[in-house]
Amino acid sequence: MKRVAALFLPDWPIDRLRQAERTAALPPEAARSGPAFAAIGRVAEAERANQCSVPREGGWRPGARWARAEVEAAIEQLPTHQRPPQRELGRTSVAADNPFKGERPFKDVHRQGRPLDASPASAAWAADAEAVERAIAALPLHQQPPFRELSRRSEVMDHPFKAHPFKTMPPDEGGCSHHALAQPQAFPRSDRPTLAQMAAMPAVQYPGEGPHPDAHGREPIAGYAAAGRFFQTGRTLGDLVARVCVEETPGSAASVRDAVPLVTVARQGGRVAIAAASPAAQALGLRPGMALTQARAQVPELQVRDADPAGDRADLRRLAMLLARRWTPVVDLSDADGLLLDLTGVAHLHGGEGRMALRLVRLLARRGVHACVGIADTAGAAWALARHGRGAVRICPPGAQVEALDPLPVALLRLSDGAIELLARLGVTTIGQLRALPRGQLARRFGDTVLARLDQALGARAEPLDPVVPPERIQVEQRFAEPIATAEAIAHWLGELVPQLVAVLRKAGLGARQVELVLDRVDGVPQRLRIGLARASRDPEHLLRLLGRRIETVEPGYGIDAMALHIRRAEPLGAETLGAALVEDTPPELGPLVDRIVNRIGVQRMWRVAPVESDVPERASARVAPLDPAEAPAVQLREDDVRRLDGREADHPWHLRWPRPIRMLRRPERLDHVIAELPDQPPRRFTWRGTLYQVACADGPERIAGEWWRRPAERDAVRDYFRVEDTEGRRFWLYRSGDGLRGETGDLSWWLQGMFA
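About the thresholds
- Residue numbering note: each chain is counted from 1, following its sequence as written.
- For a predicted model such as this one, the threshold for reporting local features is a pLDDT of at least 70, and the threshold for listing and counting side-chain atom pairs is 80 or more; totals across whole chains, interfaces and linings nevertheless cover every residue.
- Side-chain measures here rest on the full set of heavy atoms in the structure, leaving out hydrogens and waters.
- We count a stretch as a helix when DSSP gives it H or I for four or more residues in a row; a strand needs E for two or more, and each element gets its number in order from the N terminus.
- For every residue, the accessible area (1.4 Å probe, protein chains only) is compared with the maximum for its type, and the residue is labelled buried under 20%, exposed over 50%, or partly exposed between those bounds.
- We call two residues contacting when some pair of their heavy atoms lies within 4.5 Å.
- Throughout, the Shrake-Rupley method with a 1.4 Å probe supplies accessible areas, and for residues the shown protein chains are the sole cover considered.
- In this scheme, strands are said to pair when DSSP sees at least two bridges between them.
- Think of a salt bridge as a Lys or Arg side-chain nitrogen and an Asp or Glu carboxyl oxygen that are within 4 Å of each other.
- Here, the term nonpolar core denotes a set of buried Ala, Val, Leu, Ile, Met, Phe, Trp, Tyr and Cys residues that are joined through side-chain atoms within 4.5 Å.
- Inter-axis angles, ranging from 0 to 180 degrees, are taken between N-to-C directions of lines fitted to C-alpha atoms, where helices are fitted over the stretch in contact.
- For classification purposes, angles smaller than 35 degrees are called roughly parallel, those larger than 145 roughly antiparallel, those between 65 and 115 roughly perpendicular, and all remaining angles oblique.
- Throughout this entry, Asp, Glu, Lys and Arg are counted as charged residues, while Ala, Val, Leu, Ile, Met, Phe, Trp, Tyr, Cys and Pro are counted as nonpolar. The remaining residues, Gly among them, count as polar.
- Like-charged residues are merged into a patch within 9 Å and nonpolar side chains (Val, Leu, Ile, Met, Phe, Trp, Tyr) within 5 Å, provided each residue has over 30% relative accessible area and no salt bridge.
- Positive charges come from Lys and Arg alone, negative charges from Asp and Glu alone, with His and the N- and C-terminal ends not counted.
- A charged residue contributes its charge at one atom only: NZ of Lys, CZ of Arg, CG of Asp or CD of Glu.
- For Phe, Tyr and Trp, rings pair up if their centres lie within 6.5 Å, where Trp contributes its six-membered ring, and each pair is then called stacked (planes under 30 degrees apart), edge-to-face (over 60) or tilted (otherwise).
- Only when the NZ of Lys or the CZ of Arg is both within 6 Å of the ring centre and within 35 degrees of the ring normal is a charge said to sit over the ring.

J.: How do you make sense of the overall build of the protein chain when you look at a structure like this?
T.: Within the protein chain one finds 22 helices and 21 strands. The buried share among the 757 residues of the protein chain stands at 38%. Counting contacts in the protein chain only where the partners sit at least 6 residues apart, residues at least 24 apart contribute 60% of the total. If you sum the accessible surface of the protein chain, you get close to 44100 Å²; carbon and sulfur atoms cover 53% of it.

Structure representation (structure tokens):
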């Protein structure tokens with residue numbers, strides 16, 4: 001039976017915007033800067049100091065012969081009453097069994113989550129525990145065993161990340177109310193431990209555990225998924241709490257950020273309207289479509305960002321690609337804030353529909369994305385359930401979509417606004433009322449649209465999904481029965497693989513920009529050759545020529561048993577028209593020449609200088625690829641833009657009125673021993689790189705002011721540039737920092753910017 005899940009992201013533009021701002025504003029170390037997390041870190045350090053005598057990253061193996069001798073010698077030197085148990089020293093002479101093995105009363109109580117006195121078995125277990133405690137208290141202090149050695153705990157707590165029985169989840173556990181799931185998943189306060197309780201739990205370590213890899217992945221003693229220590233990382237439960245849980249104090253950064261009203265705006269005709277609103281803004285009465293002026297008057301502290309529907313759509317498609325690769329092969333974009341997932345035949349791979357949906361909601365919540373999931377037999381029913389009701393996940397049993405949809409509003413059938421308004425005038429507000437109306441009258445009044453949506457939701461009419469197709473890597477491969485080791489054999493098989501690669505590129509409508517040849521050697525050490533192309537191409541002769549020149553760098557070793565060509569970068573490349581090229585004279589194609597030079601000397605050693613709109617000389621040029629377009633595309637101005645009134649042609653950044661040197665230094669270099677008259681005379685002599693230069697003639701000054709809009713330090717900065725020529729005919733372009741009159745314009749130091757030809 002077909003099952004469809006609808007993933008609803010009600011605050012997708014806001015969540016995406018906040019995630020981008022959070023990533024740009026906070027450093028990676030700021031994620032654990034809260035006071036509660038600092039306390040957890042101190043407790044974890046104390047645990048690591050008292051857990052075991054094994055040094056971290058020291059390579060000490062418990063039970064080694066030399067280590068055992070040292071430990072035994074240390075024990076012999078201690079008095080009898082001070083000798084600690086062997087297990088506390090980080091080793092043991094015999095393998096210790098699980099201390100909780102056979103404890104049925106404890107397992108029953110822990111799994112069912114009941115208090116200790118909920119059953120006779122648990123009551124007996126509690127009585128035994130009290131008897132053990134009294135026996136321990138009666139012992140002398142130096143004879144009392146360590147707490148960890150008793151393999152017990154002071155209280156019974158359920159697993160904090162255990163999935164709850166799932167039909168409808170409370171709102172504070174991921175409900176679709178806009179106050180939940182804006183941050184990592186929260187759990188009900190009645191049955192979850194607090195951060196302090198989690199931090200107080202000891203980190204359990206098996207006797208004999210240490211840096212050996214076999215210790216990684218063992219089941220924790222107390223049934224807690226995070227109680228044991230991780231292999232070679234030093235992480236304990238406190239670190240897991242700091243990474244997964246959220247500090248819920250009212251003044252925390254997460255709560256303050258979510259409490260600030262935030263909206264995105266877009267221009268609609270002649271006004272600026274709200275495109276999306278955060279939960280805090282919606283709680284204050286702001287809704288999409290409201291004018292921005294009205295919203296600012298209603299909420300003065302409102303934060304406004306520009307809407308980016310194209311970016312939202314692209315990120316939503318990227319999320320669909322990720323789900324198609326990892327969760328289900330059929331994922332469709334239903335609208336601007338939702339996805340449709342076909343769960344047929346894949347839900348059991350994730351533990352069932354409920355666990356799969358809950359896990360997806362929690363994973364998105366950890367990324368700061370609020371999500372709700374509805375599951376039903378049809379896409380229309382799942383879409384409606386995801387957008388109505390309580391709980392993060394709503395599951396409709398198979399074949400029960402009629403009963404589930406009858407009480408829902410007709411707007412959840414994905415009808416147009418006009419149809420919804422007309423149905424409201426007729427008194428039809430729910431899907432059940434609409435389903436009870438005669439179909440002939442509905443068809444005459446509304447056409448086939450309303451009936452089609454109703455039939456699709458109820459399963460009477462098919463609604464196929466249009467899945468996104470993740471792009472596949474383009475590659476061709478050839479394996480050999482016997483290894484090859486000669487350059488002639490490699491060249492022969494390259495001649496076989498390149499035409500196959502070109503055929504795949506032609507079928508996909510792409511051109512290669514970067515190709516990698518991977519040769520798998522017998523000893524498992526691959527040889528990689530990568531070539532780049534200045535322009536997208538799928539010319540087999542050109543590709544084979546570039547790859548053939550690199551064969552001499554291959555080290556075949558004991559032989560090569562496989563060859564593969566991978567496309568690492570590609571661009572769309574359609575068919576080319578050759579009619580004009582056959583009639584008119586066309587400039588020579590420089591792409592093959594540039595490719596040969598670049599693949600010989602390296603891509604970092606060949607570039608072209610392009611102009612940049614800037615008055616500061618070191619910002620007025622940029623390195624670009626050799627065959628990139630020389631001029632940037634013209635900016636399309638709106639009809640009401642005042643720049644349309646200027647009918648003059650735009651000046652080129654490198655205008656002839658302002659000659660610039662051929663060679664520009666990467667950074668201006670300071671000049672010493674400069675003799676010049678103030679305020680506007682050129683230098684008579686200067687020293688650069690230890691050489692003294694006498695100036696024969698000069699021209700200037702050319703004053704260039706700082707770009708005040710970039711940073712405050714350039715608000716008053718001034719440079720006076722001079723073109724000077726020394727007695728040997730060498731021409732330089734240098735400047736003085738400051739105008740020679742006001743101290744805030746510069747310190748009157750001299751700098752060399754470049755040299756003329």
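J.: Just to check I follow, could you spell out the pairing of strand β20 (residues 731-737) for this structure?
T.: Two faces make up the sheet, and in a regular strand the side chains alternate between them. In terms of residue burial, β20 counts as a mostly covered element, since 6 of its 7 residues are buried. The pairing of strand β19 (residues 718-726) with β20 spans 7 bridges and is antiparallel. For Phe722, the partnering residue across the bridge sits in β20 and is Leu734. The antiparallel pairing of β19 with β20 creates a hairpin that spans 4 residues between the two strands, and Gly729 there sits at a positive phi of about 90°. Pairing of β20 with strand β21 (residues 750-755), which is carried by 5 bridges, proceeds in the antiparallel orientation. In the strand pairing of β21, Tyr735 is matched with Trp751.

J.: Would you explain the pattern of salt bridges in this entry?
T.: It is possible for side chains bearing opposite charge to pair when their charged atoms get close. Inspection of the entire model under this criterion finds 37 salt bridges. For Asp337, the salt bridge is made with Arg387, and the minimal N-O distance between the two is 3.6 Å. A residue pair is termed long-range when its members are at least 10 positions apart, and Asp337 in the loop between β5 (331-335) and β6 (338-342) and Arg387 in the loop between α13 (379-386) and β8 (393-395) qualify at 50 residues. One salt bridge connects Arg439 with Asp455, and the closest N-O pair in it is separated by 2.9 Å. Here Arg439 is found in helix α17 (residues 439-446), whereas its partner Asp455 is found in helix α18 (residues 448-458), with 16 residues between them in sequence. Taken together, the shared-partner salt bridges connect Arg16, Asp308, Asp312, Asp315 and Arg318 into one network.

J.: Whenever I open this one, the nonpolar core confuses me. Can you help?
T.: Among soluble globular proteins, nonpolar side chains are generally buried collectively. Counting 33 residues, the largest nonpolar core has Leu405, Leu408, Leu413, Leu423 and Leu434 as its most contacted members. Taken together, the elements giving at least two residues each to this core come down to β1 (4-8), β7 (372-376), α13, α15 (417-425), α16 (431-436), α17 and α18. Looking at which element gives the most residues to this core, the answer is α13, with 7 residues.

J.: Would you mind going over the packing of α17 against α18 with me for this structure?
T.: In contact at an axis separation of 7 Å, α17 and α18 are set at 130° when each is read in the N-to-C sense. By the angle between their axes, α17 is oblique relative to α18. Together, Arg439, Leu442, Ala443 and Phe446 of α17 and Asp448, Thr449, Val450, Leu451 and Asp455 of α18 make up the contact between the two elements. Along the lines of polarity and charge, the residues of the contact of α17 with α18 split into 5 nonpolar, 1 polar and 3 charged.

J.: Can you help me understand a positive patch on the surface in this one?
T.: A contiguous patch of positive charge on the surface is contributed by Arg545, Arg549, Arg596 and Arg600. Among the structural elements, Arg596 can be located in helix α22 (residues 591-601). Relative accessible area serves as the criterion here: at 31%, Arg596 is assigned to the partly exposed category.

J.: What is the right way to look at the packing of aromatic side chains in this model?
T.: Remark: the centre distance and the inter-plane angle together describe each pair of aromatic rings, the angle taken between the planes. With the rule as written, the count across this model stands at 10 aromatic pairs. Taken together, the aromatic side chains of Phe686, Trp688, Tyr693 and Phe732 make up a single cluster linked through ring pairs. In this arrangement the basic side chain of Arg414 is found over the ring face of Trp383, its NZ or CZ atom lying 6.0 Å from the centre.

These values are about where atoms sit, not about what they do.
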